[in-house]
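Report on the structure
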Amino acid sequence: MSLSTIKSRIHTAEARAGRPQGSVTLLAVSKVQPADRVRAVLEQGQRVFGENRVQEAQGRWLPLKQEFEGISLHLIGPLQTNKVRSAVELFDAIHSVDRLKLAHALARLAQERGTCPDLFVQVNTGAEPQKAGVMPDQADELISQMRSMDLPVVGVMCIPPFDMDAAPHFRELAEIGARNGLPGLSMGMSDDFETAIEMGATHVRVGSALFGARVP
Ligand SMILES: *Cc1c(COP(=O)(O)O)cnc(C)c1O
């Protein structure tokens, strides 16, 4: 699907939900995609991208940031504490903060650098054992601890269980965001971004619908 088709579907979903046009940010998820597909989308004006691995993102984006103005990079994959420094140097936002140890590492770097990417707390709304994210009943505590470290928490993020109705997960994430006074809701991917927008998503993460299937 072309970038303009995705954007018009986003605008339609915003209108249907009675939300102002432009209230949803499209993250073009470029992980694993061939360089020519990513370049084509950049040339059509897209500037916000999501990547799930720090090293892969460095290799791709350090040169592209020299070439294109105004690129904003969002980390959407798990972050190990030994990669935090590279991550904060490259990314404008991190959507996958899910534990205290990582928050402490981010806080130390924020102190040292005087700046920190926008942070989203990833919530494991399906309570899946193998999946990243703080458990829903621990989310409030992690958010309040991060705030006490002066970290810029802007929202919450979830990846609903595969082949399950995503709507209840989006609803639960929206509730967690609302009761913590967090405006950002990072939810919705290629198959369900319109549902997510209906439920309040501010950031949708769209990969394969935009770039085509990922070739491993
Ligand atoms: C890969 C990925 C996406 C994009 O998935 P698509 O189904 O290709 O749109 C979104 N969010 C996260 C966290 C991902 O890892």
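Because the structure is predicted, anything quoted here is derived from the model rather than measured. (Residues numbered from 1 in each chain as written. Predicted model: local features only at pLDDT ≥ 70, side-chain atom pairs only at ≥ 80, totals over all residues. Heavy atoms only, no water.)

**Comments concerning the overall build of the protein**
Helix and strand counts for the protein stand at nine helices and eight strands. In summary, the protein has a C-alpha radius of gyration of 16 Å against a globular reference of 17 Å for 216 residues, a match within 12%. Across its three principal axes, the protein shows a C-alpha extent of roughly 40 × 40 × 35 Å. Residues counted as buried form 51% of the 216 residues belonging to the protein. In the protein, 59% of the contacts between residues at least 6 apart in sequence involve partners at least 24 apart. Total accessible area on the protein is roughly 10,200 Å²; 49% of this is exposed by carbon and sulfur atoms. Considering the protein, the positive charge centre built from 23 side chains and the negative charge centre built from 25 side chains are found 4 Å apart. (Helix = DSSP H or I, 4+ residues; strand = E, 2+ residues; numbered from the N terminus. Rg over C-alpha atoms; globule rule 2.2 N^0.38 Å. Buried < 20%, exposed > 50% of the residue type's maximum accessible area, 1.4 Å probe, protein only. Contact = heavy atoms within 4.5 Å. Areas by Shrake-Rupley, 256 points an atom, 1.4 Å probe, with all protein chains shown as cover. Lys, Arg positive; Asp, Glu negative; His and termini not counted. Charge placed at Lys NZ, Arg CZ, Asp CG, Glu CD.)

**Re the packing of aromatic side chains**
Per the counting criterion, the structure on display carries one aromatic pair. Each ring, one from F49 and one from W61, has its centre 4.6 Å from the other, and the planes form 40°; the classification is tilted. One end of the pair, F49, is in strand β2 (residues 48-51); the other, W61, is in helix α3 (residues 54-67), with 12 residues separating them in the sequence. Residue class for F49 comes out buried when judged on its relative accessible area of 0%. (Phe/Tyr/Trp six-rings, centres within 6.5 Å; stacked < 30°, edge-to-face > 60°.)

**Re the pairing of strand β6 (residues 153-157)**
The buried fraction of β6 is high, at four of five residues. As defined by bridge partners, strand β5 (residues 118-122) adjoins β6 across four bridges and the pair is classed as parallel. Each residue of the ladder has a partner; that of L119, found in β6, is V153. Following the backbone out of β5, through helix α6 (residues 139-148) and into the adjacent parallel β6, one traces a crossover that is right-handed. As a crossover connection, the stretch from β6 through helix α7 (residues 167-179) into strand β7 (residues 184-186) is right-handed. (Pairing = 2+ DSSP bridges. Right-handed = clockwise from strand over helix to strand, strands pointing away.)

**What about the pattern of salt bridges?**
Following the criterion strictly, the structure yields eight salt bridges and no others. Here R16 ties to E198 by a salt bridge, and the two come within 3.7 Å at their closest N and O atoms. Taken as a pair, R16 in helix α1 (residues 3-16) and E198 in helix α8 (residues 193-198) lie far apart in primary sequence, 182 residues in all. In this structure, the salt-bridge partner of D140 is R179, at a minimum N-O distance of 2.8 Å. Residue D140 is found in helix α6, and its partner R179 is found in helix α7; the two are separated by 39 residues along the sequence. (Salt bridge = Lys/Arg side-chain N within 4 Å of Asp/Glu carboxyl O.)

**Structural notes on the nonpolar core**
Counting 65 residues, the largest nonpolar core has I94 and L151 as the members making the most contacts within it. In terms of residue count, the dominant contributor to this core is helix α5 (residues 100-113) (seven residues). Excluding its chain neighbours within four sequence positions, the residues that come into contact with L151 are A103, L106, A107, A110, C116, L119 and M146. (Core = buried A, V, L, I, M, F, W, Y, C linked by side-chain atoms within 4.5 Å.)

**A few points about α7**
Here α7 contains 13 residues, and its C-alpha end-to-end distance of 18 Å stays within 8% of the 18 Å for a straight helix at 1.5 Å per residue. Taken together, the buried positions of α7 are occupied by A167, H169, F170, L173, A174, I176 and G177. Buried residues in α7 make contact with α6, β6, β7 and α8. Positive phi appears at G181, one or two residues downstream of α7, with a value of about 65°. (Expected span 1.5 Å × (residues − 1).)

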